[in-house]
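Reading the structure
What follows is each chain in one-letter form.
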Number of protein chains: 2
Amino acid sequence: MQTDSAPRPTLADVAAKAGVSASTASLAFSGSGPVSDATKERVLAAADALGYGGPDPRARSLRRGRSGIVGVVLEERVRAAFLDPVKIQMLDGITEGIAPLGAGLLLLTDTGEVDGNAVSIESAPVDAVVLIGCSPRLGHSVEALRRRGIPTVAIEGAAGEDIPEISIDNREATRRGAEYLKELGHTEVALVTLPFDAARTRGPLTPALVAASTADTASERLLGARDVFPEATGRAAAASSIEEGLEAGRALLADPANRPTAIIAQSDLLAAGVIQAAEELGVAVPAELSVLGFDGIRVDGLQHDLTTLVQPSVAKGRAAGEAVVQLLAGEPPRSRCFTSSLHVGDTTAPPRGRR
Amino acid sequence: MQTDSAPRPTLADVAAKAGVSASTASLAFSGSGPVSDATKERVLAAADALGYGGPDPRARSLRRGRSGIVGVVLEERVRAAFLDPVKIQMLDGITEGIAPLGAGLLLLTDTGEVDGNAVSIESAPVDAVVLIGCSPRLGHSVEALRRRGIPTVAIEGAAGEDIPEISIDNREATRRGAEYLKELGHTEVALVTLPFDAARTRGPLTPALVAASTADTASERLLGARDVFPEATGRAAAASSIEEGLEAGRALLADPANRPTAIIAQSDLLAAGVIQAAEELGVAVPAELSVLGFDGIRVDGLQHDLTTLVQPSVAKGRAAGEAVVQLLAGEPPRSRCFTSSLHVGDTTAPPRGRR
DNA sequence: ATTCTAGGCCGAATCGATTCGAGTGGGGTG
DNA sequence: CACCCCACTCGAATCGATTCGGCCTAGAAT
């Protein structure tokens, strides 16, 4: 779409054409400095005549030391993040929070592999970064950002003392949900957790796996569940998705002689998958199996009104955005912790034969 | 999180510490040039000792002339775009398409207001841009990008001869859907369209509104519908959302004596809203009212299997991403047009008394 | 032993704009 | 009438890295 032969005009060209110095032309564009209206107009006219498209943002950001871009680090590929309604809500909140900055949002993923020229955490022209998600890889990201001196805010996941963290009462909330199940009379409770490690190991919830956990969210929610059901075990999913929930649900419900009466899933998507598995196996929800979720999103296609722990996702995002603004303003970092609430839907009931 | 007192080390500092020249240090980092292993190691060691975080991406991109960032222009605020499943699918496709570039995705909105320092289309450090959505403001965006010489690809919306466009058979597909309704026996058909202009005027589908259209998608789909039902009129929505569909549906169904037997909505979300309106008013779908959508997404909470025109959203995004790669490689722009298919669900039936 | 070759390394220019201190002209004032 | 001040403009340095041509030296070839 461009004529490669003719290089784009630069500010210097415009200045020459307008008969002023480059510095004056710059002033005319940025608008701030003391420039007479006549001069400014002349510069703008020259720019127009030359087809000048405005100051090059690359040069500008080099000089100014700011790019006007805030990075958002997702732990998975973009596709996966977009499939998770919680992530989208947080993104939305972040957008609101950083609005006063007028900054753009750059989507980044921390896959660990540093591909030479690819734009990554190690090399993205960002002024600040928000780490999203219960990231098992968090340590790595934080180190890279610290070296680069980039202000950072983390959503879910203790990143370090000097990094403000936006979180929720994962343990306490889960405990509340678990207590509700206990009050209903459940004793045979199984868990479906979020991934515990960077490898996203899928499988039984072994002590070894839990001990090696690098994911705070999963760990905290697990603790909350075990506060009420100390012996509870279950399965770890490889991601927060219906698919993974389905898989875990199948495994947990495989043996008709030995089924839990309730399953605590660490996300609504996982819960939806568990319910699907139950339907497959002819296990009635909630009559034969109670299912508890976490997040409070609407799950597409789910016929039930899921009993779940509702977290304020948008508010979390907004808080993260606001924290970014504060950091950039030189104010000290401030962490925040939000509270979740139990929403009782129709996927939980007293266990069979106990009504 | 950073000690403001001590400025970050630069490549020159590292070079000095390693006892080599800046140029050599640069080579050591970028890896490409001829540098002995010993030297490279020394440089890397020095960098480590100094806590150097790697080459500054701002300086690098100024010199290289590329930032490694691809912009995605959404016509609405980010929140709104994320609520539209079609947009998300296209974003996902774009991510796939530009994967070989290793580039980041910068979210931009073209609101028209140019806020001084804000990162916008006029001033974003992007190597290329994808315009998403049936944007009434497209002309403005394109002009800004052309001036800046930034390779551009448009999804839905004729942007100009030299800009590759990724589109679907809007008119033809809608015609097919309309013909299906006609075959069922419908004659009283009303329309609910996407916005026609930048102002997103909501209201009756007047000739004046249509004539002043700046939105190709809405216009094309309208033409397709009128190919079959030349007299069809209806209402224009202010956005593609359930809420807007609801509003339009209420208006179209308000008068019991004068109701259409079928409504052609230009998006699934609008269709879902129309169905909600019908339910509100006690109009049975499809017995008393047939509803046709467009997009082929799953609408959250909708109990029906919507009859709709399924478009390949992800493929469109991927094609756009691939076009970006081609443009950046200097290859000539290539437009592509995908085909939609009619999915017959349970929201369409012969009109009452015609079975 | 001498010349050729090539791998390694360096110096200097460059990318394009911003910024700060210095200069200059015109208008107002004592 | 001379002086001062203000408003505007200019020069030059700077942001930090990349890149290209040239230079040097050690080893190979003759």
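You'll find the structure just up there.
Just so it is clear, the model here is predicted, and its values are computed rather than measured.

1. Details of the overall build of chain A
Secondary structure assignment for chain A yields 13 helices and 13 strands. Its C-alpha atoms give chain A a radius of gyration of 26 Å, clearly above 20 Å, the size a compact globule of 355 residues would have. Seen along its three principal axes, the alpha-carbon backbone of chain A occupies a region of about 90 × 40 × 35 Å. Put simply, chain A has 355 residues, and 53% of those count as buried. A total of about 14900 Å² of accessible surface is found on chain A, and carbon and sulfur atoms cover 50% of it. The distance from the centre of the 35 positive side-chain charges to the centre of the 45 negative ones in chain A is 3 Å.

2. Some remarks on the protein's contact with DNA strand D
Around DNA strand D sit 25 residues in total, of which Thr-24 and Thr-39 of chain A together with Leu-11, Tyr-52 and Arg-63 of chain B are the nearest. Among the atoms of DNA strand D lying within 4 Å of the protein, the sugar-phosphate backbone contributes 63%. Of all the secondary-structure elements, those providing two or more residues to the surface near DNA strand D are helix H2 (22-30) and helix H4 (57-64) of chain A together with helix H1 (11-18), helix H2 (22-30) and helix H4 (57-64) of chain B. Among the residues forming the surface near DNA strand D, the class breakdown is eleven nonpolar, nine polar and five charged.

3. Structural notes on empty space enclosed by the protein
Counting across every chain of the model gives four cavities of 30 Å³ or more. Size it by volume and the second largest cavity reaches roughly 50 Å³. Every residue lining the second largest cavity is listed: Arg-58, Ser-61, Ser-67 and Pro-125 of chain A together with Pro-57, Arg-58, Ser-61, Ser-67 and Pro-125 of chain B. Looking at the lining of the second largest cavity, the elements with two or more residues in it are H4 of chain A together with H4 of chain B. Looking at the lining of the second largest cavity, the element that brings in the most residues is H4 of chain B, giving three residues. Here the residues of the lining of the second largest cavity are counted per class, giving three nonpolar, four polar and two charged.

4. A look at the sheet that holds strand S7 (residues 203-204) of chain A
Think of a sheet as strands paired side by side through backbone hydrogen bonds, with each pair either parallel or antiparallel. Residue and element names in this part refer to chain A. Strand order across the open sheet formed by seven strands is S7-S8-S6-S9-S10-S11-S13, with mixed pairing between neighbours. Strands with a single pairing partner mark the edges of an open sheet, and in this sheet they are S7 and strand S13 (341-343). Those strands touched by helix H12 (residues 268-280) are strand S6 (189-193), strand S9 (262-265), strand S10 (290-295) and strand S11 (307-310), and its axis lies near 155° from that of S10.

5. Quick look at the pairing of strand S5 (residues 165-168) of chain B
Residue and element names in this part refer to chain B. Residues of S5 alternate between two faces, with Glu-165 and Ser-167 on one and Ile-166 and Ile-168 on the opposite face, all of them buried. In this structure, strand S4 (residues 152-155) lies alongside S5, joined through two bridges in parallel fashion. Bridge pairing in S5 links Ile-155 to Ile-166. Pairing between S5 and strand S12 (residues 336-338): three bridges, direction parallel. Considered in S12, the bridge of Ser-167 is made with Cys-337.

6. What to know about the side chain of Asp-295 of chain B
Residue and element names in this part refer to chain B. Within the secondary structure, Asp-295 is located in strand S10 (residues 290-295). Buried within the structure, Asp-295 lacks any salt-bridge partner; its nearest side chain of opposite charge belongs to Arg-221, at an N-O separation of 4.3 Å. Within polar-contact distance, the side chain of Asp-295 engages the side chain of Gln-311 at 2.8 Å. Contact partners of Asp-295, with chain neighbours within four places excluded, come to Val-86, Arg-221, Ser-267, Asp-268, Thr-308, Leu-309, Val-310 and Gln-311.

7. Considerations on the interface of chain A and chain B
Counting residues at the interface gives 56 residues for chain A and 54 residues for chain B. A combined buried area of about 4700 Å² lies between chain A and chain B, and 57% of that area is made up of carbon and sulfur atoms. Across the chain A-chain B interface, the total number found is two salt bridges. On the surface where chain A and chain B come into contact, there are twelve residue pairs in polar contact (both at pLDDT 80 or more). At the level of elements, helix H3 (37-50), H4, helix H5 (78-83), helix H6 (85-97), strand S2 (104-109) and helix H7 (138-148) of chain A are the ones that each hand at least two residues to the side of chain A that touches chain B. With six residues, H4 of chain A is the single largest residue contributor to the side of chain A that touches chain B. Considered class by class, the residues forming the side of chain A that touches chain B number 23 nonpolar, 16 polar and 17 charged. Taken together, the three bridges between S2 of chain A and strand S2 (residues 104-109) of chain B define a ladder with antiparallel strand orientation. In the strand pairing of S2 of chain B, Leu-105 of chain A is matched with Leu-107 of chain B.

8. Remarks on the relation of the copies chain A and chain B
The transform that puts chain A on chain B rotates by 180° and translates by 0.1 Å along the axis, for an RMSD of 0.2 Å. Expressed as an axis order, the relation between the two copies is that of a two-fold axis. With an isologous cut-off of 70% or more, the 96% of interface residues of chain A that recur at the interface of chain B puts this contact in the isologous class.

9. Thoughts on the side chain of Thr-261 of chain A
Residues and elements named next belong to chain A. Examined against the element boundaries, Thr-261 turns out to sit in the loop between helix H11 (242-253) and S9. At 2.7 Å, the side chain of Thr-261 forms a polar contact with the side chain of His-186. Setting aside residues up to four positions removed in sequence, Thr-261 forms contacts with His-186, Thr-187, Glu-188, Glu-288, Leu-289, Ser-290 and Pro-351.

10. Examining the protein's contact with DNA strand C
Around DNA strand C, the surrounding shell holds 25 residues, and the nearest of these are Leu-11, Tyr-52 and Arg-63 of chain A together with Thr-24 and Thr-39 of chain B. At the protein interface, 63% of the atoms of DNA strand C within 4 Å belong to sugar or phosphate. Take Asp-56 of chain A: an N or O atom from its main chain is 3.4 Å from a phosphate oxygen of DNA strand C. The separation between a phosphate oxygen of DNA strand C and a polar main-chain atom of Ser-36 of chain B is 2.9 Å. Counting residues per element, the ones that place at least two in the surface near DNA strand C are helix H1 (11-18), H2 and H4 of chain A together with H2 and H4 of chain B. Here the residues of the surface near DNA strand C are counted per class, giving eleven nonpolar, nine polar and five charged.

11. Let's talk about unusual backbone geometry
The omega angle of the peptide bond from Val-285 of chain A to Pro-286 of chain A is 10°, so this bond is cis rather than trans. For Pro-286 of chain A, the location among the structural elements is in the loop between H12 and S10. Here Arg-200 of chain A, not a glycine, exhibits a phi torsion of approximately 55°, which is positive. Relative to the elements of secondary structure, Arg-200 of chain A occurs in the loop between S6 and S7. Notably, Asp-295 of chain B is not glycine yet its phi reads approximately 135°, a positive angle. Classification of Asp-295 of chain B by relative accessible area gives buried; the value is 7%.

12. Structural notes on the packing of helix H6 (residues 85-97) of chain B against helix H13 (residues 313-328) of chain B
Packed helix pairs are characterised by how far apart their axes lie and by the angle those axes make with each other. Residues and elements named next belong to chain B. Across the interface, H6 lies against H13 with an axial gap of 6 Å and an inter-helix angle of 40°. Crossing of H6 against H13: the hand is right-handed. Of the residues in H13, those touching H6 at Val-86, Gln-89, Met-90, Gly-93, Ile-94, Glu-96 and Gly-97 are Ser-313, Val-314, Lys-316, Gly-317, Arg-318, Ala-320, Gly-321, Glu-322 and Val-325. Looking at the contact of H6 with H13, its residues break down into six nonpolar, six polar and four charged.

13. Re the environment of Ile-275 of chain B
Residue and element names in this part refer to chain B. Tracing the sequence through the fold places Ile-275 in helix H12 (residues 268-280). The spacing of Ile-275 and Leu-50 is 225 residues in sequence and 64 Å in space, taken between C-alpha atoms. When near neighbours in sequence (up to four residues on either side) are disregarded, Ile-275 contacts Val-291, Leu-302, His-304, Leu-306 and Thr-347.

Parameters and conventions
- Residues numbered from 1 in each chain as written.
- Chains lettered and ligands numbered in written order.
- Predicted model: local features only at pLDDT ≥ 70, side-chain atom pairs only at ≥ 80, totals over all residues.
- Heavy atoms only, no water.
- Helix = DSSP H or I, 4+ residues; strand = E, 2+ residues; numbered from the N terminus.
- Rg over C-alpha atoms; globule rule 2.2 N^0.38 Å.
- Buried < 20%, exposed > 50% of the residue type's maximum accessible area, 1.4 Å probe, protein only.
- Areas by Shrake-Rupley, 256 points an atom, 1.4 Å probe, with all protein chains shown as cover.
- Lys, Arg positive; Asp, Glu negative; His and termini not counted.
- Charge placed at Lys NZ, Arg CZ, Asp CG, Glu CD.
- Near = heavy atom within 4 Å.
- Nonpolar A, V, L, I, M, F, W, Y, C, P; charged D, E, K, R; others polar.
- 1 Å grid on protein atoms, 1.4 Å probe; cavity = no way out; pocket = protein on both sides within 12 Å on 5 of 7 lines; lining within 4 Å.
- Points joined across faces, edges and corners; volume = space filled by probe spheres on them.
- Pairing = 2+ DSSP bridges.
- Contact = heavy atoms within 4.5 Å.
- Axes fitted to C-alpha atoms, helices over the stretch in contact; angles between N-to-C directions.
- Salt bridge = Lys/Arg side-chain N within 4 Å of Asp/Glu carboxyl O.
- Polar contact = N/O pair within 3.5 Å; in protein donor to acceptor, adjacent residues only side chain to side chain.
- Buried area = accessible area lost by both parts, 1.4 Å probe.
- Least-squares fit on C-alpha atoms with pLDDT ≥ 70 in both.
- Left-handed = near helix turned anticlockwise from the far one by under 90°.

Read these as layout, nothing more, since geometry by itself doesn't imply function.
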